[in-house]
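Summary of the model geometry
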There are 2 protein chains.
Amino acid sequence: MKLSTKSTYGLRAMVNLALKYDEGAISISDIAKKEDISVSYLEQLLNRLRHKGMLESVRGPNGGYVLAKRPKKITVGDIVRVLEGDTAPVYCVTNQARLKRSCRRSTTCVAKGVWEKLADAIDRVLDSVNLEDLARQAGDEVGHEKDISR
Amino acid sequence: MKLSTKSTYGLRAMVNLALKYDEGAISISDIAKKEDISVSYLEQLLNRLRHKGMLESVRGPNGGYVLAKRPKKITVGDIVRVLEGDTAPVYCVTNQARLKRSCRRSTTCVAKGVWEKLADAIDRVLDSVNLEDLARQAGDEVGHEKDISR
DNA sequence: TTTATACTTGACAAGAATAGTAGGGTATGG
DNA sequence: CCATACCCTACTATTCTTGTCAAGTATAAA
Ligand code: FES
Ligand code: FES
């Protein structure tokens, strides 16, 4: 019951992009260096987010990635769903037909109700936090550090 | 972000035991047959639950397993924590020292707040449902089926 | 006492998923 | 034209999952 690094790396990269939303394209290598993530691996993740309409890319020198929407419009759930496949805790209750696996028991299984409640709770949390929230939080922390240092 | 079959099989087995809580020991093979789970595999799961004080065993003919506490006192969270290791969605926020992995970023990582909220939501759901709830539900369904069949 | 039943334990193994690497190709600003 | 940076596919090492297998122990019943 663990999220893969795809989601955790991807979210951290997206927060980086949210923090520099108004500063043009940011390169993969910049993010990879700052977050200490393999460049090649991060390439795959950001590319997947681009294909799903979450990022736009600029090629050539000074190129990089930019959020395709305002940070407010991208939730953690959006990112996790793209990178993880879905957010369901068991295949029985995923709503993505592609991932749904045979579950003959679904009509009688007493556990199903629990998994459905769990899936709802997970989605509620993940969809309630967007990149603007996280960027603001990150900004506040930087400001706080500055205050302490003087 | 999927629970393994350890949790899902284990929970189903425990609900079976809850349904027959007053009928003495139930054998692994009975449960395995009813739930269509490999006997050897289920052995491992139930034994782990026994070591953690969730089950008691009776050896020899007519032996089997019995819940070590009243169904009301065993939650889905208890079972998942034993069989899955813990319920945290990322290693960064597990409260089990054994599983906690190096996360140098934990003091600065902006994502951590999300994972903590998520971990809380997951625990809230899993700890809010106990075996008595599930057994009652299973019993109701049987009754309902009977009503229809006449 | 013998025997069949059923739990106990540890080792092993196939398959899938994860977490990357590697290496080419394409677009573009300078 | 060339250095930069995205684009895309394939491959690999490691770990986790999902079991199987074999040998042993305890006990109720015949
Ligand atoms: S086995 Fe699929 S819902 Fe229980
Ligand atoms: S990397 Fe551990 S909390 Fe973000």
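Notes on the structure follow. None of these values were measured; they are calculated from a predicted model.

Rules behind the numbers
Residues numbered from 1 in each chain as written. Chains lettered and ligands numbered in written order. Predicted model: local features only at pLDDT ≥ 70, side-chain atom pairs only at ≥ 80, totals over all residues. Heavy atoms only, no water. Helix = DSSP H or I, 4+ residues; strand = E, 2+ residues; numbered from the N terminus. Expected span 1.5 Å × (residues − 1). Buried < 20%, exposed > 50% of the residue type's maximum accessible area, 1.4 Å probe, protein only. Patch = residues over 30% accessible without salt bridge, like charges linked within 9 Å, V, L, I, M, F, W, Y side chains within 5 Å. Areas by Shrake-Rupley, 256 points an atom, 1.4 Å probe, with all protein chains shown as cover. Salt bridge = Lys/Arg side-chain N within 4 Å of Asp/Glu carboxyl O. Lys, Arg positive; Asp, Glu negative; His and termini not counted. Charge placed at Lys NZ, Arg CZ, Asp CG, Glu CD. Axes fitted to C-alpha atoms, helices over the stretch in contact; angles between N-to-C directions. Left-handed = near helix turned anticlockwise from the far one by under 90°. Contact = heavy atoms within 4.5 Å. Nonpolar A, V, L, I, M, F, W, Y, C, P; charged D, E, K, R; others polar. Near = heavy atom within 4 Å. Polar contact = N/O pair within 3.5 Å; in protein donor to acceptor, adjacent residues only side chain to side chain.

**Quick word on helix 1 (residues 5–19) of chain B**
Residue and element names in this part refer to chain B. With 15 residues, helix 1 should reach 21 Å at 1.5 Å per residue; the first-to-last C-alpha distance of 21 Å fits that figure. Summarising burial for helix 1: 11 of the 15 residues are buried, a large majority. For helix 1, the full list of buried residues reads Ser7, Thr8, Gly10, Leu11, Arg12, Ala13, Met14, Val15, Asn16, Leu17 and Ala18.

**Topic: a positive patch on the surface**
Residues and elements named next belong to chain A. Taken together, the side chains of Lys69, Arg70, Lys72 and Lys73 define a basic patch exposed on the protein surface. As for its position among the elements, Lys73 is in the loop between strand 2 (64–67) and helix 4 (76–84). Assessed through its relative accessible area of 48%, Lys73 is described here as partly exposed.

**A few points about the packing of helix 2 (residues 28–35) of chain B against helix 3 (residues 39–51) of chain B**
Residues and elements named next belong to chain B. Axis separation between helix 2 and helix 3 bottoms out at 9 Å; the angle between their running directions is 120°. For the pair helix 2 and helix 3, the crossing hand works out as right-handed. Facing helix 2, whose interface residues are Ile28, Ser29, Ile31 and Ala32, helix 3 presents Val39, Leu42, Glu43 and Leu46. Residue composition of the contact of helix 2 with helix 3, grouped by class: six nonpolar, one polar and one charged.

**Remarks on the protein's contact with DNA strand C**
Taken together, 28 residues lie around DNA strand C, and Tyr9(A), Gln44(A), Arg59(A), Asn47(B) and Tyr65(B) are the ones closest in. With respect to DNA strand C, the backbone of Ile28(B) contributes an N or O atom lying 2.9 Å from a phosphate oxygen. Residue assignment for the surface near DNA strand C shows that the elements contributing at least two residues are helix 1 (5–19) and helix 3 (39–51) of chain A together with helix 3, strand 1 (55–58) and strand 2 (64–67) of chain B. By residue number, the principal contributor to the surface near DNA strand C is helix 3 of chain B, which donates four residues. Counted by class, the surface near DNA strand C contains eight nonpolar, 14 polar and six charged residues.

Note that all results are geometric; they support no functional claim without further evidence.
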